[in-house]
Each structure stands twice: as structure tokens, then as C-alpha cells.
Amino acid sequence: ALKYLGALPRLRELDLSCNSISNIPRGSIPDTAFPRLQTLHLGAQTPKLQVQALAQLSKLPALRALRIPANAIRMIDANKLPHTPFKSLGLLDLSSNNIEMEDDIMALAVCPVLQKVVLWGNPLARLAPLDMGNEVPLLGSPHAMLVLRKPENLKKPPLRHLYAHPLPAMVHTQAPNLSTLTANSEAVEAAFNKVSQGVLEAGFTGKDASGGATKVKQEESFPVEEEEDDGSFFLTGVK
């Protein structure tokens, strides 16, 4: 799937949370892939996303925000990353993982423009003294702050553990102007909302936790005038 999605030249945000992406093998993301991708969501994978996948993700040239919560990550090994990883990354969401000590993420100190590392829900954050504050500097980093407390007004949508089949190969040829793609449980809840002029909707097959297949729908007309809610997964992007 990543091979085809990486060929979308205008894709800026990609949400593949709650899928089955456990690893990203070396060479599976070409150097020319995802030229404009700024935000990537890979939270709550089943099986869990392996930390080795960061080596491939760190090469994405325009990536500014990487969200990988709830993946049982224990540490980030500097030996598994490029010499200067994540050259554009400003936000790394590691919430609800298994990080116990700051030493376990010291490899991030070399990220040149990193600003925030979200750590609430990790043992490190839970054991931090209450008087420490919500944010503390990451040792060795010129800019990065560790975010230890979850904002009170932040609401997290429930995860329903729905799994997508591999995305169809046609995506990169039939939807070349796609800029935002969501293929997770949130997309199912929002299934097919009314969209404005110039928005492309393209459905694909999926499975729920019990193995039942969702319905398939392909919609390529511009614009989509009516609301529907048929339980399908959808890819949504602005032309």
C-alpha cells in the first residue's frame, strides 16, 4: 500500500491508524515517495508497529508530524536511524507507549528541528513528579520539549480496531490530486460526509474485527452532493 500511496504527488496528510502495519521493510518506501507528506498517523497497529520502521519513515523529506501512539514502543535505538533523522519533523507523538526512561529516547536529540515529543500515557510520564510541569526539555536537544501531561480539553476518539485490506493499486493513478487520506476507524464513523466542490471520494474494501467485509463503493464525481453512511472505508482528498 505505501508503495502506491507514496506516488500521490499532492498527498499532505495520511491517517492509517488502527490497521495492520507492523513493519516497513528497507526499500519499501522509495526515495522519491511522499514528496509533500507533512502529517502521518500510524497509531494502534495490530500487530504493533515495530520501532525499526522509524528508519524508513525518517527519510520522508517533508514530514512535520508523526503520530505513532499505542504501539508498545519501549525505546528508539540510535543505531537503527540515519545519522541525521527526521530533518523536517517538529512533532513526534509517542503517547500511550512503554517508554520508561528519558535515555530510551535520547536518539531523538539529534533531530534538527524537533519541537515536541508527546509522552503522556508512558511509564516515564506517569512516574514524573507532579511539580515537574507539563513540559520538560529533552536532554541534548536544542529545541525539543517532552510533553508529559495530556491537556484536559483533549478528546480522543474511540478505537474500534478495524482493519483495511491492502489499498487498491489504482489509487495513485485514479486519484492523483489526493491531498488527505484517512483509512482508519474514524473514517468508518464519518463514513461519507457531505463535501464541498472539488473533493474526491474513493471507497475500498475493509474488514472489521470479526472478519466481516465492508461494502465497496467507488465515487469519482465532482462534487458529491448527498450524504451517505453505508459503513464503507473512504479515502478523502481535496483536488
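Chemist: Tell me about the overall build of the chain, and please be specific about residues and values.
Modeler: Each helix and strand counted, the chain has 5 helices and 13 strands in total. Counting every position in the chain, which comprises 239 residues, the buried fraction comes to 47%. Nonlocal contacts in the chain, meaning residues at least 24 apart in sequence, comprise 76% of its contacts between residues at least 6 apart. In the structure as shown, the chain presents an accessible area of about 12000 Å², 52% of it carried by carbon and sulfur atoms.

Chemist: Describe the sheet that holds strand 6 (residues 135–137), listing the residues and the values that go with them.
Modeler: Judged by pairing direction, the sheet is mixed, and its 8 strands sit side by side in the order 6-7-5-4-3-2-1-9 without closing on themselves. Pairing within the sheet leaves two strands with one partner each, and these edge strands are strand 6 and strand 9 (180–182). Strand-to-strand, the axes of this sheet are offset by a mean angle of 10°, without reference to chain direction. Sheet topology note: the strand 1 (residues 13–15)/strand 9 ladder contains 3 bridges and is parallel. Among the inter-strand pairings, L14 is bridged to a residue of strand 9, identified as L181.

Chemist: Residue-level account of the confidence of the model for the chain, with values.
Modeler: Residues with a pLDDT of 70 or more make up 67% of the chain, whose mean pLDDT is 75. Confidence over residues 158–165 falls short of pLDDT 50; this stretch has 34 contacts with residues more than four positions distant or in other chains. Ignoring residues within four places in sequence, the model shows residues 185–239, a span with pLDDT below 50, making 137 contacts including any to other chains.

Chemist: Residue-level account of unusual backbone geometry, with values.
Modeler: Here T46 and P47 are connected by a cis peptide whose omega angle stands at -5°. Assignment of secondary structure puts P47 in the loop between strand 2 (39–41) and helix 2 (54–57). Phi at C18 is positive, roughly 60°, even though this residue is not glycine. With respect to the element layout, C18 can be found in the loop between strand 1 and strand 2. Positive phi is not limited to glycine here, since A44 has a value of about 55°.

Chemist: So what's going on with the environment of N19? Which residues, and what values?
Modeler: Mapping N19 onto the fold places it in the loop between strand 1 and strand 2. The class of N19 is buried, set by a relative accessible area of 5%. Side-chain polar atoms of N19 contact the backbone oxygen of L16, separated by 2.9 Å.

Chemist: Run through the side chain of Q56, naming residues and quoting values.
Modeler: Tracing the backbone through its elements, the reader meets Q56 in helix 2. A relative accessible area of 7% places Q56 in the buried class.

Chemist: Run through the pattern of salt bridges, naming residues and quoting values.
Modeler: Two side chains of opposite charge can pair, provided their charged atoms sit close to one another. Scanning the entire structure with this criterion turns up 2 salt bridges. D93 is the partner of R67 in a salt bridge, and the nearest nitrogen-oxygen pair spans 3.2 Å. Pair noted here: R67 is in strand 3 (residues 65–67) and D93 is in strand 4 (residues 91–93), with a separation of 26 residues, a long-range link. You can call R67 partly exposed: its relative accessible area is 29%.

Chemist: Outline the nonpolar core, supporting the account with residue identities and numerical values.
Modeler: Residues F34, L57, L66, L94 and L108 are the most contacted members of the largest nonpolar core, which totals 48 residues. For L66, the contacting residues outside a window of four places in its chain are L40, L54, L57, F86, L89, L91, L92 and D93. Among the nonpolar cores identified, the runner-up in size contains 5 residues, and A65, L91, V118 and V147 belong to it.

Chemist: Account for a positive patch on the surface, with residues named and values stated.
Modeler: On the surface, R10, R12, R36 and R64 cluster together into a positively charged patch. Locating R10 in the fold gives a position in the loop between helix 1 (2–5) and strand 1.

Chemist: Which residues make up the environment of L181, and what are the values?
Modeler: Tracing the backbone through its elements, the reader meets L181 in strand 9. Overall, L181 belongs to the buried group, its relative accessible area being 0%. In this structure the C-alpha to C-alpha distance between L181 and D15, which are 166 residues apart in sequence, comes to 6.2 Å.

Chemist: With reference to specific residues and values, describe the environment of R26.
Modeler: Within the element layout of this structure, R26 appears in the loop between strand 1 and strand 2. Judged by its relative accessible area of 79%, R26 is exposed. A C-alpha to C-alpha distance of 8.5 Å links R26 and A53, two positions 27 residues apart in sequence.

Quick notes on the rules
Throughout this document, residue positions are counted from 1 along each chain, in the order its sequence is written. In keeping with the model being predicted, local features are shown solely for residues with a pLDDT of at least 70 and side-chain atom pairs are shown and tallied solely at 80 or more, while totals for entire chains, interfaces and linings include all residues. With hydrogens and water set aside, each side-chain value is computed from the structure's full complement of heavy atoms. Helix and strand assignments come from DSSP, with helices taken as H or I runs of at least 4 residues and strands as E runs of at least 2, each series counted from the N terminus. Burial classes follow relative accessibility: with a 1.4 Å probe on protein chains only, a residue under 20% of its type's maximum area counts as buried, one over 50% as exposed, and anything between as partly exposed. Throughout, a residue-residue contact means that at least one pair of heavy atoms, one from each residue, lies within 4.5 Å. Only the protein chains shown count as cover for residues, and the accessible areas themselves come from Shrake-Rupley with a 1.4 Å probe. If DSSP finds at least two bridges between two strands, the strands pair. Axis angles are defined between N-to-C directions and span 0 to 180 degrees, where every axis is a line fitted to C-alpha atoms and, for a helix, only to the segment in contact. As a per-residue quantity, pLDDT reports the predictor's confidence and falls between 0 and 100. By the criterion applied in these results, polar contacts are pairs of N or O atoms within 3.5 Å in which, for protein atoms, one can donate a hydrogen and the other can accept it, and in which residues neighboring in sequence qualify only through two side-chain atoms. Whenever a carboxyl oxygen of Asp or Glu lies within 4 Å of a side-chain nitrogen of Lys or Arg, that contact is scored as a salt bridge. Buried residues of nine kinds, namely Ala, Val, Leu, Ile, Met, Phe, Trp, Tyr and Cys, make up a nonpolar core once their side-chain atoms join them within 4.5 Å. Exposure above 30% relative accessible area and the lack of any salt bridge qualify a residue for a patch; like charges then connect within 9 Å, and the nonpolar side chains Val, Leu, Ile, Met, Phe, Trp and Tyr within 5 Å. Neither His nor the chain termini are counted; the positive set is Lys and Arg, and the negative set is Asp and Glu. A single reference atom marks each charge: NZ on Lys, CZ on Arg, CG on Asp, CD on Glu.

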